[in-house]
Structure formats: C-alpha cells, structure tokens
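Structural characterization, general
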Amino acid sequence: MGIENLDKVFKPKSIAVIGASDKVGSAGYRIFRNLIGSGYDGIVFPVNPKKESIQGVQAYASVDDIPKVVDLAIIATPAKVVIDVVERCGKRGIKGILIVSAGFKEIGEEGRLLEKKLLKIKDKYGLRIVGPNCVGFILPYLNLNATFAGSAPEKGNIALFSQSGAICGAILDWAAAAKVGFSSFISVGSMLDVDFGDLIDYFGMDMHTRSIVLYVESITNARKFMSACRSFARAKPIIVIKSGRFKEGAKAASSHTGAMAGEDYIYDAAFKRAGAIRVKEISDLFNCSSILAKQPRPTGPNLAIITNAGGPGVLATDSIVEKGCKLAKLSDETMKQLNEFLPVHWSKANPIDIIGDGDEERYQKAIEVCLKDKNIDGLLIICVPQVMANPKKLADRIIDLSKKSTKPILVSFPGEESVLYARRILNRNGVPAYSTPEEAVEAYAYLYNYARNLEIHYETPEELDIRPSPTNQEKLKNILNNALIEGRTLLNEDEAKEFIEMYGIKSTKPIVTGSEVKAVQTAKKIGYPVVMKIHSPQITHKSDVGGVALDLQCENDVRKAFKNMMKQVKENVPDAEIKGVTIQKMIKNKGYELILGSKKDPVFGSIILFGMGGVFTELLKDRAIGFPPLNQVLAHRIIERTKAYKLLQGFRGLPPANIQKIEETMINFSQLIVDHPEIQEIDINPLIASGDDIIAVDARIVIDKHPEKKQHLIISTYPNKYVKTVKLRDGSKVLLRPIKPEDEYLWLDMFKTFSEETVRYRFFRIIKDTPHEMRTRYCNIDYDREIGIVAEIEENGKRQFLGVTRIILTPGRNDEAEFAMVVSDKWHRLGLGSEFVDHTIDIAKDKGLKKIDGIVLKDNVPMISLCKEKNFKITDGDPGEYKIEYDL
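The model shown is predicted, which means the values in this text are computed figures rather than measured ones.

On to unusual backbone geometry. Of the consecutive residues N350 and P351, the connecting peptide bond is found in the cis state with omega at 10 degrees. By the secondary structure assignment, P351 is in the loop between α12 (332-341) and β17 (352-353). The step from P628 to P629 runs through a cis peptide bond, and the omega angle for that step is 0 degrees. Locating P629 in the fold gives a position in the loop between β27 (623-626) and α22 (632-640). Unusually for a residue other than glycine, F764 sits at a positive phi of about 65 degrees. When you line up the elements, F764 lands in the loop between α26 (756-763) and α27 (772-779). Residue F764 is classed as partly exposed on the basis of its relative accessible area, which comes to 35%. The backbone of R829 sits at a positive phi, close to 65 degrees, despite the residue not being glycine.

As structure tokens, then:
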C-alpha cells in the first residue's frame, strides 16, 4: 500500500487510547500514562465504556463519543473485541490504527482468521495498521511514547524497527546506558499492514533520521522491502540483524540447488543486493549505525593504526586481517615526516607506535601526517592510559581533526574509569570511540563493506553479447504443459536441455533408447566414449541410485553397463517407471566443473545459485546466491564470492576459464528464470568451463504446478513493453526505450551536448560536471518506482541519445508521478518532445496512475507551449516557476 496515511500514525495531532485503564501495570494504564506524561502536545482521549475518567482525564464510552475524529487509535483490548473496535474506528473516519493486543496469527488458525477479518476492514476504510502483537512506538522528536515500556530513549538520528517486542525492551535499556538516541523506535509486531518496506520509505524521508536499524525475524513483502532498501541505502545506511541464522532439519530437496540454498544464505544475499549491512549481534547494530551516520565512507580497506602501546596495535592488526581489511602501507613521504618528530625507537611501520610517552601533540602530528597519505583509507587511534597523554585533551584534538577530515577516524580508549569521559565526548561529537581495538576494527570493516557494497551496487555493467529471450516461447510452454498433463513435475533430461539450449547454453545431447540393442546402436552412432543415464520420470538424482555410467569405451562396456544399471536401479527404486536409458557423448573433463541453478524461495521467489559443481557439490558447499534479473556486474559479483573464482583464473596446469563467457551464460540463465515462473527448481550440474567453451553436461528442471500462488521475482525486470520506434519530422527513425545501468556513458555523452540553457531548464541550475554517483542516479533505476525513456539513434555506426523523459512515482501516492523531460539542443523542433510526452502519458496510464505533474521554469517557452498543446493544466508555482499537471 505504500506510505499513504502514515502521517496519521506517525505525526498524529490527536490520539484515542481504546482500552485505557486505571489498573496499574496493565498495558492500557502504561500506554495512556506514557502519552500524557511524556510532553506530547497533541490531544489524548481515553476510551473505556466502564469508566467516567481514566487517570484524572475524562473518558469516553466509544470512539463515536469523542468530540472530534482523531488521527490515531491505539487499541489495547482483548483480541476477541479488536475486530469490532477497528470496524467502529473505520466508520468514524479514523485512519491510523496501532494494535498492541496479542492473540492473532501467533496463536494459530483462530488468530489467522482474525487477521483476515482485520485486512478486509483495513481495505474497506483505507486504514493503516501497525501491529498487532507489538509494543507500540516512540517518536522522541514529538515527545510521543505510545508504548507500555518504562522509559523513552533520547533524541537521536537512528530509526529502529523491530519485529521482537522483547528485543525492544532490551535495546531501550542498552541505549539508555550507552547514551544512544533515536529518531523513531517502532515495534512492528505481526506486520499485518505496515511492514519494513513502508517504514523504510517513510522514515527514509525523515529529516531527523540518518541511519535505519532493523531487527528482522522474517520479511513479508520481499519485493517492497528490496525496493525500499535500494531506494534509500545510498543516502541512509540500513543495518540489519536477522535472527534464526541456523535452521535444523532442512527439508529434502529435488535438486542440489534446493539443498544448498538455505534460508539464511538467501536472506544474506538479499540484504547484499538491497544495499543493507547485516550484523550478527545487537551491540554491532549500534556500533555500525553510529559510525555510518557520523563518519565519511572509506574509499578502500587500508587502515592505519596510531598507538602508544605495542600490544593493542598487534591485537588491532590481527582483527584487521580477520575482518578482511588491510594494514595500510605507509608512503615514503609519510615515513620521512614521521621520522622527523617521532622518537628514534618508534615502530618504523604500521601500526605506528609513537611510544608510551607520546602526548597529545605527538598524536596530533601523527594523525595530520597520516591523513595526507593516499595509501591510507582510514585511521584507528589507540590510546592506552599512560602518564603523558591526557585522554580528555586528546579527545578534543581528535574531534577538531575529524571535522576537517574526508577519511573516517575511529578511536579506541581501552579501560574504564580514566577514559570513560573521553569516550563519551568523542561519541557525542561524531567520532566513534570503543573500549577495545577489535570493536573499532569491526566497525571500520562494516563501514568499508557498506561503501564497497554500494560501489558494486552502482557499478556500470559492461554491454555483453546477450541472447534475447527465444521468440518460440510457445514450444517451451508446450514442454511444460505436456509434462503436467502426463502427471510429471520433473522434465526428462532431453527436455531440460532443450530448454537451456534455447537460451544459448550449449549442452551434450542425450538420445533416449529403450533397449540394450538400441543403446549399443546409439553409442556407435555418437562415437565412443559415451555416458549412459537411467531414463525415469521418478528419479531425480540418478547417480545416487546407480543410474549413471561414465566413460563407456566400447560395445561391451555399453552392454555391461545397461544390464548393471537396470538391476541396480530396480533394486534401489523398485516403484520407479523405467523408460530406458539415454546415451550421450562423454565430455573428457579438461575444465572446471561448476553448478548453475535456481529454486523458488517462499519469501524471495526465484534465486540463482552458482558455485563448484560435480559429484562433490553438496559436500563442498561452495556457493553464492543472487537474484534475477542479472547484468554483467551482478553476475561477476556472484562468481567472485565463491572459492571457484580463484580456480577459474587458472589452477595446477589448467588454463583460466573465460569469466566473461561464464557471466554471459549466467545472464542468459537469469533470463530463462525471468521468462518462466513455472520453474520451481533447475540445476545445470556439472556446467563445464574450459577456456572459451561452456557446456552443460546435465540439466534438471522441476515444475511448479501453481506458480501463480508464489512469489516469482523480487527485483523489477527491464520493461521491454515500453520499447517503440518513432519517426521525427526530418524522417529520422528513433528508438524510444527504457534506460538501463549499461547506458551511463551514453547518458554522459548526451549531457555534454546540452547548452547551459538546456541544463538550467532541466536541472533548475547550471551543472558543469556529472560524477558517477549522479549518472547512476539517472541510469541505474528501480522500474517499480521510476521509468526513464531514452531516445536513441545510430549514426555512422555509433549509438547516441537525443533526450530523456522520465516519470518518478510520488512517495506515498501510488497514483501520482513526477514528470520531467529534456531534449538535446540539436534535436529541438523535430517533434521528439511531442513523441516523448505521448509515450510518457501512455506509460503512466499503463501503470495505473491518475495524474502526472512537474515544474517548468517560466522562461522555458518551448516546454510551456508543448504542455499547452498536450492539454496540461498550468498554474503558478514558486517564483519563476509554473506547475504543470496532466489528468489521466
């Protein structure tokens, strides 16, 4: 539903507490007491049919009796009456609902039925519901404490959303002791309506929020969650702790992919793709969010340590290696400058041990020198309590240096009493300070990994020679339908290989034979050596039941293998229907055995798994997971996360594999998954990579009988339906198509053709330079939230963009979008603007929007004329601007 009406929940001017009570210790008592005692300046009405007043405030028998329609109703009644209460709130016109009551889906089927009734009421009246079964929420900047917790946190810049009420209480205690403040503190409960995605969207735009922290037990709407994270992760770091990392008793799977792609691995991959950082412990949540909110992002993993004691420096070094960062190599110039003022016995290396008698002045000089060194990406300052360095004075100097630094600075003051005050003033002034060097290094590792993940996220992919989706989709659909008609959910090997061949993935061709004689004849025709496999719709893992015979060199081998196979398989799987065997050419493995697979996860839909393949696949468990659709960068990052990546670069006499060919194979495979939601599981194992050759030796596809009931994709795919060709007034044929991440440099070339006037008309100011971060903002987009259409032509073999039109869905309003457009100067007055507007209107209608609007400078006469021609409504806006609006 988005963030519609969430202001009624999180910026309420009036609140009704239904179930408010005088009974000390009850939820109704504590919530009402917290609201009227926390300094909230809105009106709070207690609702209790049995009382004339609650805690000295006039009570009302029902929401109908309250003299005004309130923004938010907080319900703290038994679950059995919640349905009637919410219905009454809806009829009264109350839009915001917070249900703290328990007794819903957590108790079983009876509770689930109650939730279904609640959803119907929500949809009927357009309500927004937080909960049920939650602690409530605290909004420190509004002095609003709508919880039954005993204390409220300080004001701060962290928004916390937790699925666990018990964890909320623990975090409040911890935050009070650590002096950590919040912009919002929300217990989400069962997430019947308002979920993590909604909260990230809403508080991502909150001026007080600089980082977002999530305690996650499960994700409900995965596509919405991913879209929201990707939208805000670059501006406001999102830190996640996910409980239930280890699941015992994994269910039996029909494929190696199903067995290896466990729930936690998928969550981990999802958080990476969303741009969020995952931590393992509650203390890490705040260490991480604190440094991300306070310090600049590092450009690399190279950390320099300045310390007044050798031991802590060694501990920090060990931690740097363990966490995947690097000890910075000091430049010659840095060494020269340090030698000028440090004692003759200083360490002469990183860690920079300035010796125990180092005072604040020595620390400051060392820090200033290191900040200038291009080899250093971040600094860790360690100060063990000694005679010379005064922790308070050193803290003041570090704070001053940090304000001028473009590199992150972290501090470790080991100890307690003598350094506690110094740590506090550092933390309060934006310099993360820790009691141990290891904590500081771990925080830096999180900071670096976040920056690196974002860099990867917005890296410009190469344009690869990718095969488009097959035009003969009907043939593939028939293969799937025929299998279901025959009562099969498992495609046989030749069907599965026909599928992948259609997507440009070469395979060995199996030929089905029904007898020993036919097997011999087929083997002779193919040429020895050959492979024999059992052909049965019931047998998934053939080698497990004696259903595979490799490297058969002659007729005698084939006959012997056929007899043995029939005997073994019938003994191992007596109920299986055996239709014969398949014969295919034996591939002598002179390459690397890989696995490429997919399965449909109940939360995140279709995932892609890549790793080391062959018979030891499940034993080695070398895998990395991603989500379709893939591009070159995403495919490469999946490969890079596996141990197989090092092997593929050449190992023990084997030449390196062509990584680009593997990337192309993965992207084609990704398109297969995108095109076919009917696929429940698919394995290509082994996929042999040898030099430039990639060949699938075995393939297995399991069909989902009811794909419409399950999540398919959590990342929006390229919207091919918006591609069209138009003709301009000069006869030029122009391709209008959605923009994509690979277009960054074409977009830049187009921008360079704009006059200053054109730039000012589009961006409302003169822009001389467009760095990578800005370009990716316009090219690497989420098609669920935004559509950018480029006009492309090819002249003299070179592609170029002529302009862009764009609609961006208005946050909180799924029926409105912001509209903007620009055409390169050379292509003015040829009708491209008119084509852009018409196509934009068609797309807006297709997306179910009710209106598009935008801002036009008053001196942008051509755009104003075009808007009048297209029947836009034009009204005065801010000084020098018109508002334009098109009613769809």
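Read from one edge to the other, the open sheet built from eight strands follows the order β31-β32-β33-β34-β35-β36-β38-β37, with strand pairing classed as mixed. At either margin of the open sheet sits one strand with a lone partner, and together these are β31 (724-727) and β37 (873-876). Taking each pair of neighbouring strands and ignoring which way they run, the sheet shows an average axis angle of 30 degrees. Two elements, β31 and strand β32 (residues 733-738), share four bridges in a ladder whose sense is antiparallel. The residue of β32 that forms the bridge with K727 is K733.

Among the secondary structure elements, T77 is positioned in the loop between β5 (72-75) and α3 (79-92). Assessed through its relative accessible area of 13%, T77 is described here as buried. Filtering out sequence-adjacent residues up to four positions away, T77 remains in contact with I18, G19, V82 and S101.

The next thing to look at is the environment of I376. With respect to the helices and strands, I376 occurs in the loop between α13 (360-372) and β18 (378-382). As a C-alpha pair, I376 and N449 span 73 residues in sequence and 16 Å in three-dimensional space. For I376, the residues in contact, after removing those within four places along its chain, are N302, A304, A328, L330, C370 and K407.

What follows deals with the side chain of K242. For K242, the location among the structural elements is in strand β13 (residues 238-242). The exposure class assigned to K242 is buried, which follows from its relative accessible area of 4%. Among the polar contacts listed, one links the side chain of K242 to the backbone oxygen of E217, at a separation of 3.3 Å. Excluding residues within four positions of it along the chain, K242 makes contact with V216, E217, E263, D264, Y267, F271, R278 and V279.

A complete count under the given rule lists 58 salt bridges for this structure. We note a salt bridge from D198 to K224, for which the minimum N-O separation is 3.0 Å. Note that D198 is positioned in helix α6 (residues 196-203) and K224 in helix α7 (residues 222-232), a separation of 26 residues in sequence. A relative accessible area of 0% means that D198 is categorised as buried. A salt bridge links R223 to D784; the shortest N-O distance between them is 2.7 Å. Remark: D784 occurs in the loop between α27 and β33 (786-795) and R223 occurs in helix α7; sequence separation between them is 561 residues. Residue R223 is classed as partly exposed on the basis of its relative accessible area of 27%. Given a relative accessible area of 30%, D784 falls into the partly exposed group. One network of salt bridges, in which partners are shared, links K122, D123, R128, D193, D195, D198 and K224.

Another aspect to go through is the nonpolar core. By size, the foremost hydrophobic cluster in this structure holds 109 residues, and its most contacted members are F10, F137, F161, I200 and L214. In terms of residue count, the dominant contributor to this core is helix α16 (residues 437-457) (10 residues). Grouped together as the second largest cluster of nonpolar side chains are 52 residues, I739, M821, F836 and I843 included.

This part takes up the sheet that holds strand β23 (residues 548-552). With respect to topology, four strands assemble into an open sheet ordered β21-β24-β22-β23, the strand pairing being antiparallel. Strands with a single pairing partner mark the edges of an open sheet, and in this sheet they are β21 (511-513) and β23. Mean inter-strand twist for the sheet, computed between neighbouring axes without regard to direction, equals 25 degrees. Summarising the sheet, β21 and strand β24 (residues 580-585) pair through three bridges and their orientation is antiparallel. Within β24, the position partnered with V512 by the bridge is T582. Running over the sheet, helix α18 (residues 493-502) touches β21, β22 (530-535) and β24 and is turned about 40 degrees from β24. Against the sheet, helix α19 (residues 516-526) engages β21, β22 and β24, with an angle of about 10 degrees to β24.

What counts and what doesn't
- The written sequence of each chain sets the order in which its residues are numbered from 1.
- Under the rules for a predicted model, residues below a pLDDT of 70 receive no local features and side-chain atom pairs below 80 are neither given nor counted, while totals for whole chains, interfaces and linings still include all residues.
- Values shown for side chains rest on all heavy atoms present in the structure; no hydrogens or waters enter the calculation.
- Going along the chain from the N terminus, every DSSP run of H or I of four or more residues is numbered as a helix, and every run of E of two or more is numbered as a strand.
- Exposure is judged per residue with a 1.4 Å probe applied to protein chains only, and the accessible area is read against the type maximum: over 50% gives exposed, under 20% gives buried, and values in between give partly exposed.
- Pairing between two strands requires that DSSP report at least two bridges joining them.
- Lines fitted to the C-alpha atoms define the axes, with helices restricted to the stretch that makes contact. Angles between their N-to-C directions range from 0 to 180 degrees.
- When checking whether two residues touch, look at their non-hydrogen atoms; a contact exists if any pair is within 4.5 Å.
- Here a polar contact means two N or O atoms within 3.5 Å. Within protein one must be a hydrogen donor candidate and the other an acceptor candidate, and residues neighboring in sequence count only if both atoms are side-chain atoms.
- Criterion for a salt bridge: a side-chain nitrogen of Lys or Arg within 4 Å of a carboxyl oxygen of Asp or Glu.
- Joining through side-chain atoms within 4.5 Å is the link that ties buried Ala, Val, Leu, Ile, Met, Phe, Trp, Tyr and Cys residues into a set, and such a set is a nonpolar core.

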